[in-house]
Amino acid sequence: DVKVTQSSRYLVKRTGEKVFLECVQDMDHENMFWYRQDPGLGLRLIYFSYDVKMKEKGDIPEGYSVSREKKERFSLILESASTNQTSMYLCASSLEGAPLLGEKLFFGSGTQLSVL
Amino acid sequence: AQTVTQSQPEMSVQEAETVTLSCTYDTSENNYYLFWYKQPPSRQMILVIRQEAYKQQNATENRFSVNFQKAAKSFSLKISDSQLGDTAMYFCAFPGNAGGTSYGKLTFGQGTILTVHP
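Below: a short report on this structure. Source: prediction; values computed, not measured. (Residues numbered from 1 in each chain as written. Chains lettered and ligands numbered in written order. Predicted model: local features only at pLDDT ≥ 70, side-chain atom pairs only at ≥ 80, totals over all residues. Heavy atoms only, no water.)

**Considerations on the overall build of chain B**
For step 1, the next point in the chain: For chain B, the count of helices and strands is zero helices and 12 strands.
For step 2, the next point in the chain: Over its C-alpha trace chain B gives a radius of gyration of 14 Å, about what one expects of a compact globule, namely 13 Å for 118 residues.
For step 3, the next point in the chain: Judged by the C-alpha coordinates and their principal axes, chain B covers about 45 × 30 × 20 Å.
For step 4, the next point in the chain: Taking all 118 residues of chain B together, the buried fraction comes to 50%.
For step 5, the next point in the chain: The long-range share in chain B, meaning contacts at least 24 apart out of those at least 6 apart in sequence, stands at 56%.
For step 6, the next point in the chain: Positive and negative side-chain charges of chain B, numbering 9 and 9 respectively, have mean locations separated by a distance of 7 Å. (Helix = DSSP H or I, 4+ residues; strand = E, 2+ residues; numbered from the N terminus. Rg over C-alpha atoms; globule rule 2.2 N^0.38 Å. Buried < 20%, exposed > 50% of the residue type's maximum accessible area, 1.4 Å probe, protein only. Contact = heavy atoms within 4.5 Å. Lys, Arg positive; Asp, Glu negative; His and termini not counted. Charge placed at Lys NZ, Arg CZ, Asp CG, Glu CD.)

Here it is in structure tokens:
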């Protein structure tokens, strides 16, 4: 089974801290995604990557950056955490073009981030 | 831009009964897939069912089926014989940037919290 592992299940940080959320997948997937999940808003795409060192902004990239130095690892970076970034963060991976072909995304179990 | 709307924030159903979750979407594409994902309390997202737009027949996976109305851009999920394990948040999803790119992002609806009561 494909496994997508997020480094932390819960994380508490202070305002202004630099925060790294790590995600690793073990199935050689080209695509990796970072979503943010908030009540009433569903999942919103922050950034995605379709290859090593390649990235594209999603719908809400402000305040975030990403890094993909190796194919299996996709990191989300909050340069200076703010309270409005308190949220659930979900990482996902897929083969190239998977949803367009009817294939699913594989998700991690999420990181609940609280910024105080 | 594609949009996906789930208008029912919460639903509840008695065990063994049937419940339908609604989803509407907007697209100018003609052929595409639609998905329903389930997120139980464990937070692990699971694909429940998928529908290809050009297929007339509604998709079915065991107790889960869809009512796909292409002209109305409606994609509802029916859960028959509801079980306690069906308690979860359900998301409707649609591939974004479907035209001309292979990246295959997914756009999600707002989600519906379903509670199955014993």
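**Some words on unusual backbone geometry**
Residues and elements named next belong to chain B.
For step 1, the next point in the chain: In this structure, K73 is a non-glycine residue whose phi angle is positive, near 55°.
For step 2, the next point in the chain: Mapped onto the elements, K73 comes out in the loop between strand 8 (64-69) and strand 9 (74-79).
For step 3, the next point in the chain: For D81, which is not glycine, the phi dihedral falls at a positive 50°.

**Structural notes on the pairing of strand 5 (residues 33-39) of chain B**
All names here are of chain B.
For step 1, the next point in the chain: Counting buried residues along strand 5, seven of its seven residues qualify, which places the element largely inside the surrounding structure.
For step 2, the next point in the chain: Going residue by residue along strand 5, you find Y33, F35, Y37 and Q39 tucked away on one face and L34, W36 and K38 tucked away on the opposite face as well.
For step 3, the next point in the chain: Sheet topology places strand 5 next to strand 6 (residues 46-52); six bridges connect them, and they run antiparallel. Counted as the bridge partner of F35 is R50 from strand 6.
For step 4, the next point in the chain: Two successive antiparallel strands, strand 5 and strand 6, enclose a turn made up of six residues, where R43 displays a positive phi of approximately 80°. (Pairing = 2+ DSSP bridges.)

**Observations concerning the environment of D59(A)**
All names here are of chain A.
For step 1, the next point in the chain: Relative to the elements of secondary structure, D59 occurs in the loop between strand 6 (54-57) and strand 7 (64-70).
For step 2, the next point in the chain: The spacing of D59 and N84 is 25 residues in sequence and 16 Å in space, taken between C-alpha atoms.
For step 3, the next point in the chain: Setting aside residues no more than four positions away along its own chain, D59 makes contact with L45 and I46.

**Considering the pattern of salt bridges**
Residue and element names in this part refer to chain A.
For step 1, the next point in the chain: Considering all chains together, one arrives at seven salt bridges over all chains under this definition.
For step 2, the next point in the chain: The salt bridge partner of D38 is R36, with a shortest N-O separation of 2.8 Å. The pair D38 / R36 is uniform in exposure class, with both members buried.
For step 3, the next point in the chain: In this structure, the salt-bridge partner of E69 is K53, at a minimum N-O distance of 2.4 Å. (Salt bridge = Lys/Arg side-chain N within 4 Å of Asp/Glu carboxyl O.)

**Re the interface of chain B and chain A**
For step 1, the next point in the chain: The partner chain A presents 30 residues to the 24 residues of chain B that form the contact.
For step 2, the next point in the chain: When chain B packs against chain A, the two sides together hide about 2,300 Å² of surface, and 55% of this comes from carbon and sulfur.
For step 3, the next point in the chain: At the boundary of chain B and chain A, one finds zero salt bridges.
For step 4, the next point in the chain: Linking chain B with chain A are 11 residue pairs in polar contact (both at pLDDT 80 or more).
For step 5, the next point in the chain: Counting residues per element, the ones that place at least two in the side of chain B that touches chain A are strand 5, strand 6, strand 10 (88-96) and strand 11 (105-108) of chain B. (Buried area = accessible area lost by both parts, 1.4 Å probe. Polar contact = N/O pair within 3.5 Å; in protein donor to acceptor, adjacent residues only side chain to side chain.)

**A look at the environment of Q112(A)**
Residue and element names in this part refer to chain A.
For step 1, the next point in the chain: Mapped onto the elements of the fold, Q112 is located in strand 11 (residues 111-115).
For step 2, the next point in the chain: Among the residues examined, Q112 registers a relative accessible area of 24% and is labelled partly exposed.
For step 3, the next point in the chain: Separated by 88 residues in sequence, Q112 and V24 have C-alpha atoms that sit 17 Å apart.

**A word on the nonpolar core**
For step 1, the next point in the chain: In terms of nonpolar packing, the biggest core is built from 25 residues, with Y25(B), W36(B), F75(B), L77(B) and Y90(B) touching the most fellow members.
For step 2, the next point in the chain: Of all the secondary-structure elements, those providing two or more residues to this core are strand 3 (19-21), strand 5, strand 6, strand 8, strand 9, strand 10 and strand 12 (112-117) of chain B.
For step 3, the next point in the chain: With four residues, strand 10 of chain B is the single largest residue contributor to this core.
For step 4, the next point in the chain: Leave out the neighbours within four places in its chain, and Y25(B) touches T3(B), V4(B), Y32(B), L34(B), F68(B), K70(B), K73(B), S74(B), F75(B) and F94(B).
For step 5, the next point in the chain: Counting residues in each nonpolar core, the second largest holds 21 residues, with L43(A), M88(A), F35(B) and L106(B) among its members. (Core = buried A, V, L, I, M, F, W, Y, C linked by side-chain atoms within 4.5 Å.)

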